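# Architecture at a glance
For reference, the chains in residue letters:
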Amino acid sequence: MTGWIFSTQESPSYETTRLIDGFKQDGIECRMVHPNHVDIFISKDNRRSVLVDNEFTSIPDFVIPRVGSSTTYYQKAVFRHLERMGVLFINSSDAIDNVKDKLYTMQILAQNNIPHPKTMLVRCPIDLAYVDKNIGFPIVVKSLSGTHGKGVYLAENKRNFAQLIEMMEQFNEKFNIILQEFIEDSHGRDLRAIVVGGKVIGCMMRQSIDGDFRANITRGGDGEPVELNEQMEYLALESTELLGLDIGGVDLLFDHGGYKICEINSSPGFRGMETYTDIRVAEQIITYVKNKIGYKNE
């Protein structure tokens, strides 16, 4: 059995290295492939319709895309081509599509009565009075896609918000952004749950240590293990099922004794989870892939 991990990074990340090493220990050949280095063409001889670095290659048995919200049209075309050739994708191209667009994610959650912050799509010019009436301030400003807290800002009041929008207009007067209700109870902290194959394998609280309203570990936040309760588990499992994810990172906001879903990631980083908890995420993913494809160690 062979596998690819799609990544656009120049060198393997912690997560990619852990997965490749883990598969190798189980006798499975797995390597990192940049999806932009894959060429495809439509042919009756499907087995010779994929090239990597300009050379025809045998297609893998499975692919784990770790491109996330930065997935381009070209990369999605590569994913779909391989899927139609029978390659198992963890996650599928459709599931990645559902999560890449943060607004679309919220629309799916809202349709299914999953609690989330009030969310609004706006375009330039923005009616400040309309925003104030429907969401109010402070307000969270987000790009349509992004990970690790990038492209996420907090406008404390109407004046801060107007200044931020004015600056954005200097770069692109046709921008689209998402505005979200600021959940004060979760300032500087949130929960990250990781779901693999319809099971929540671990949960931790992330805490900002510098006063930032974002709690991402990649931004210097701290973490500690958290015992799942019924509502956490329900929200994590229900949301990933609705979005069609095999693997998902679900970020939950604290909301006066309850929780709201902040974001969901189709290629979650798990270095923090493995650092602050006893959960071995890579091994859980590897076991899931092996079971999904019916592989047995010889």
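A brief report on the enclosed structure follows. Small disclaimer: the values here were computed from a predicted structure and weren't measured.

The rules behind these values
- Residues numbered from 1 in each chain as written.
- Predicted model: local features only at pLDDT ≥ 70, side-chain atom pairs only at ≥ 80, totals over all residues.
- Heavy atoms only, no water.
- 1 Å grid on protein atoms, 1.4 Å probe; cavity = no way out; pocket = protein on both sides within 12 Å on 5 of 7 lines; lining within 4 Å.
- Points joined across faces, edges and corners; volume = space filled by probe spheres on them.
- Helix = DSSP H or I, 4+ residues; strand = E, 2+ residues; numbered from the N terminus.
- Nonpolar A, V, L, I, M, F, W, Y, C, P; charged D, E, K, R; others polar.
- Axes fitted to C-alpha atoms, helices over the stretch in contact; angles between N-to-C directions.
- Parallel < 35°, antiparallel > 145°, perpendicular 65-115°, else oblique.
- Contact = heavy atoms within 4.5 Å.
- Pairing = 2+ DSSP bridges.
- Buried < 20%, exposed > 50% of the residue type's maximum accessible area, 1.4 Å probe, protein only.
- Expected span 1.5 Å × (residues − 1).

### Concerning the layout of surface pockets
In this model, the second largest pocket occupies a volume close to 200 Å³. Taken together, 13 residues line the second largest pocket, and the ones lying closest to its centre are S143, Y153, M168, F175 and I177. Elements with a minimum of two residues in the lining of the second largest pocket: β9 (139-142), α6 (158-171) and β11 (176-181). With four residues, the single largest contributor to the lining of the second largest pocket is α6. In terms of residue class, the lining of the second largest pocket is made up of eight nonpolar, four polar and one charged.

### Observations regarding empty space enclosed by the protein
Applying the stated criterion across every chain, the model contains one cavity of 30 Å³ or more. Its volume calculated, the largest cavity comes out at about 40 Å³. Here the residues of the lining of the largest cavity are counted per class, giving five nonpolar, three polar and one charged.

### What about the packing of helix α3 (residues 93-100) against helix α4 (residues 102-111)?
Direction vectors running N to C along α3 and α4 enclose 95°, while the axes themselves pass 5 Å from each other. As summarised for this structure, α3 and α4 are arranged roughly perpendicular, according to the angle between their axes. Only K102, Y104, T105 and I108 of α4 make contact with α3, whose side of the interface consists of D97, N98, V99 and K100. Looking at side-chain class alone, the contact of α3 with α4 contains three nonpolar, two polar and three charged residues.

### Description of the sheet that holds strand β16 (residues 258-265)
Spatial ordering of the open sheet is given by β14-β13-β12-β15-β16, a layout of five strands whose pairing is antiparallel. Both edges of this open sheet fall to β14 (222-225) and β16, since each of them pairs with a single strand only. With strand direction ignored, the average angle separating the axes of adjacent strands in the sheet is 30°.

### A word on the environment of E274
Along the chain, the position of E274 falls in helix α8 (residues 271-276). E274 gets classed as buried once you look at its relative accessible area, which sits at 6%. In this structure E274 touches Y14, R18, I279, R280, V281, A282 and E283, once residues within four positions along its chain are discounted.

### Description of the sheet that holds strand β4 (residues 50-52)
Strand order across the open sheet formed by three strands is β3-β4-β5, with antiparallel pairing between neighbours. A single partner strand is all that each edge strand has here, and the edge strands are β3 (38-40) and β5 (55-56). Each of β3 and β4 is contacted by helix α2 (residues 73-84), which is oriented at about 65° to β3, the strand it contacts most.

### Notes on α2
With twelve residues, α2 extends 16 Å between its outermost C-alpha atoms, agreeing within 8% with the 16 Å of an ideal straight helix rising 1.5 Å per residue. Where α2 is concerned, the buried positions are Q75, K76, V78, F79, H81 and L82. Looking at the packing, one finds that the buried side of α2 touches β1 (2-6), β3, β4, β6 (62-65), β7 (88-89) and α3.

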